[in-house]
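The primary structure of each chain is shown beneath.
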Amino acid sequence: MVGLAMAGLLSSTGVLALDVTCDDSSCTGAETGGLWNEHGFGNCFYMLPTATRRNEEIPIGPSAGETDTAQACIGGALTTAPNISARVSRGDPEQNAFSWTYDGTGGFTFNTEAAQYIPNGCSVNGLDATDPDRRNGTFDNGDENPDRPVLEPLSAEVTLSGDVTGDATLSYYFMNGNQECRQLDWSLKIDGTEVKSGQVHDVEHGKYLVFNLTGIAGTETIRLDVANDGDTPACADAAITGVNSIISGVFISGTSVCAPPAGPTRTLGYWKNHPTVINGDFGGADSLLPQTFCGEVIEQGEVCEAVDFLRSRGGGINNFKRQGMAALLNCEAFGCPPEIQSLVIAGSDACAAGDSGYDFGAAGSTLDEFNNSGDNIDLPFQSPSAQPKYCRVESDKKAHKGKKGKKGKKGKKGKKGKKGKK
């Protein structure tokens, strides 16, 4: 299989408008583990396998990945409009694939290093977003039996519509149970033409294949085929040799629909220390108020109410309050991608409702990344000097309020002058 891998790494994209490159010869990303949201993947689209029962394969048809398929969790900005379709299938012609979720029994001990982040709205064994065991499994081509040979390939296919253009990162995730091992041959095709191929193995800690797409014109169909070639995988300390072909997640970031902003952003530190920019009373820009955030209406002129959110301390919901308010101000001042705007609104609503099941930590991390994304781009106005003491919360006032000094002693009276002679 070495010859296949080396030959496939010579891209045939010269005949295609869409160019596909990798950061290294193996196309294997440096990131490990399944926390795709923290790796920056999937802001535009994600598709994850999900199962309602543990250690039991659930059939998924060739159209799996449509939004009404319970075994495929789909999200991202591309899902808000009919501009992408996705499916997972096995064999040729396409037939049912399967969804599998590990639960740590039957020898399939789940390796938490390979755990994927599961967003709200994805049903995984009845677990909620706050459960530390909230993790997903994989798509596979089924167990061995006479009707389904284990070397049968598995395919994940996405088709983009004409309004999805530009550049993007396309990532595929692979994982195993703990001490389980696979070696898979893979082939990436654009509109039926192979552009990259190789092998991915030793995936028990979670691995990504990462492709850089340049010049998306719309209407492209991108397909990843994987197959277990039957060779003994080169994995250390593997108790089980995995025979199934697997794909554990598909992620798209970028594109014209949800590319990083081309304009400026500013961090929460900037907004916290430049309250006059928020209120627009320094003569350089319009006021960014009024706003409604976390159930609180912040009227024009109430700039310190906004700064109070920026000063929130702690993680979880408090981190969301900081980053969410900064993102809200960035969106109002400079504009922002639709998925960022949607995330601010969804988090704000959950904050207002006291929704303990909402993943404020993940939302805060995403918004932090956004707030930093355009910090080096010049502002469209002359920024005033920082005024960190403009809005002092009550504790700050007490801290800066000095004690009254003691009264000084009265000076001694001067001696009376001698009486003059008569």
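Residues numbered from 1 in each chain as written. Predicted model: local features only at pLDDT ≥ 70, side-chain atom pairs only at ≥ 80, totals over all residues. Heavy atoms only, no water.

1. Some points on the state of the cysteines
Put simply, the test is: Our working definition of a disulfide is a cysteine sulfur pair at a distance within 2.5 Å. Per the convention used, a helix needs a DSSP run of H or I reaching at least four residues, while a strand needs a run of E reaching at least two, with both numbered from the N terminus. When accessible area is computed with a 1.4 Å probe and restricted to protein chains, residues below 20% of their type maximum are described as buried, those above 50% as exposed, and intermediate ones as partly exposed.
Summed over all chains, the structure comprises four disulfides. The residue that forms a disulfide with Cys294 is Cys351, at a sulfur-sulfur distance of 2.3 Å. Residues Cys294 and Cys351 are joined by a disulfide whose S-S torsion is about 110°; by sign, that bridge is right-handed. Placement of the pair is Cys294 in the loop between β19 (291–293) and β20 (296–298) and Cys351 in helix α6 (residues 338–353), with a sequence separation of 57 residues. In this pair, the class of Cys294 matches that of Cys351, namely buried. For Cys331, the disulfide goes to Cys336, at an S-S distance of 2.1 Å. Handedness of the Cys331-Cys336 disulfide follows from its S-S torsion of about 105°: it is right-handed.

2. With respect to unusual backbone geometry
Leu289 connects to Pro290 through a cis peptide bond whose omega is 10°. Take Pro290: it is sitting in the loop between α3 (275–279) and β19. Phi at Cys27 takes a positive value of approximately 65°, unusual for a residue other than glycine. Locating Cys27 in the fold gives a position in the loop between β1 (19–21) and β2 (28–32). The backbone of Cys294 shows a phi angle near 50°, a positive value even though the residue is not glycine.

3. Some details on the side chain of Ser248
How we decide: Any pair of residues with heavy atoms lying within 4.5 Å of one another is described as a contacting pair.
Relative to the elements of secondary structure, Ser248 occurs in the loop between β17 (246–247) and β18 (249–254). What Ser248 contacts, discounting residues up to four positions off in sequence, is Leu48, Pro49, Gln116, Gly137, Thr138, Phe139, Tyr173, Phe174 and Met175.

4. Examining the nonpolar core
In plain terms, the rule: The nonpolar core is taken to be a set of buried Ala, Val, Leu, Ile, Met, Phe, Trp, Tyr and Cys residues, with the residues joined through side-chain atoms within 4.5 Å.
By size, the foremost hydrophobic cluster in this structure holds 46 residues, and its most contacted members are Phe45, Tyr172, Phe174, Leu188 and Phe211. Ignoring any residue separated from it by four or fewer positions in sequence, one finds Phe174 in contact with Leu184, Val200, Val203, Gly206, Lys207, Leu209, Leu224, Val226, Ile246, Ile247 and Ser248. Counting residues in hydrophobic clusters, the runner-up holds 36 residues, among them Cys331, Cys351, Phe360 and Leu379.

5. Considerations on helix α5 (residues 317–334)
Convention followed: In this analysis, the expected span of each helix is defined as 1.5 Å times one less than the number of residues it contains.
Taking 1.5 Å of rise per residue, the 18 residues of α5 would be expected to cover 26 Å, and the 25 Å separating its terminal C-alpha atoms lies within 8% of that figure. In terms of burial, α5 is a largely internal element, 13 of the 18 residues being buried. Of the residues trailing α5, Gly335 is marked for its positive phi of about 85°.

6. Comments concerning the confidence of the model for the protein chain
Threshold: The predictor rates its confidence in each residue with pLDDT, a number between 0 and 100.
Per-residue confidence for the protein chain gives a mean pLDDT of 77; residues scoring 70 or more make up 73%. Note that residues 393–422 has pLDDT below 50 and, in this model, six contacts with residues that lie over four places away or in other chains.

7. Observations regarding the environment of Glu152
Residue position: Glu152 is located in the loop between β8 (138–140) and β9 (154–160). For Glu152, a relative accessible area of 13% puts it in the buried group. Sequence separation between Glu152 and Asp92 is 60 residues, and the spatial gap between their C-alpha atoms is 8.5 Å. Non-local contacts of Glu152, meaning those with residues more than four positions away in its chain, are made with Arg90, Gly91, Gln95, Asn141 and Ser245.

8. As for the packing of aromatic side chains
The cut-off we apply is this: Only the six-membered ring of Trp is used, alongside the rings of Phe and Tyr, when aromatic pairs are assigned; centres must lie within 6.5 Å, and planes under 30 degrees apart are stacked while those over 60 apart are edge-to-face, with the rest tilted.
Applying the stated criterion to the full structure yields 13 aromatic pairs. With a centroid separation of 4.7 Å and 40° between ring planes, the pair formed by Trp36 and Tyr46 is classed as tilted. With a gap of ten residues between them, Trp36 in the loop between β2 and β3 (45–49) and Tyr46 in strand β3 connect regions that are remote in the sequence. When sorted by exposure, Trp36 lands in the same class as Tyr46, which is buried.

9. A closer look at the side chain of Arg266
We count it as follows: Here a polar contact means two N or O atoms within 3.5 Å. Within protein one must be a hydrogen donor candidate and the other an acceptor candidate, and residues neighboring in sequence count only if both atoms are side-chain atoms.
Mapped onto the fold, Arg266 is located in the loop between β18 and α2 (268–273). There is a polar contact of 3.3 Å between the side chain of Arg266 and the backbone oxygen of Gly374. Of the polar contacts made by the side chain of Arg266, one reaches the backbone oxygen of Ile377; its length is 2.9 Å. When residues no more than four places from it in sequence are discounted, the contact partners of Arg266 are Trp271, Asn330, Asn371, Gly374, Asp375, Ile377, Asp378 and Leu379.

10. Considering the pattern of salt bridges
To be explicit about the condition: The term salt bridge refers to a pairing of a side-chain nitrogen on Lys or Arg with a carboxyl oxygen on Asp or Glu at a separation within 4 Å.
Inspection of the entire model under this criterion finds eight salt bridges. In this structure, Arg87 engages Glu94 in a salt bridge whose closest nitrogen and oxygen atoms are separated by 3.4 Å. With relative accessibility at 23%, the residue Arg87 sits in the partly exposed group. Ionic pairing is found between Glu157 and Arg223, a salt bridge with its closest N-O pair at 3.1 Å. Residue Glu157 is located in strand β9, and its partner Arg223 is located in strand β15 (residues 221–228); the two are separated by 66 residues in the primary sequence. Exposure class is identical for Glu157 and Arg223. Each is buried. Three or more residues joined by partner-sharing salt bridges are found here, namely Arg87, Glu94, Glu157, Lys189, Arg223 and Asp225.

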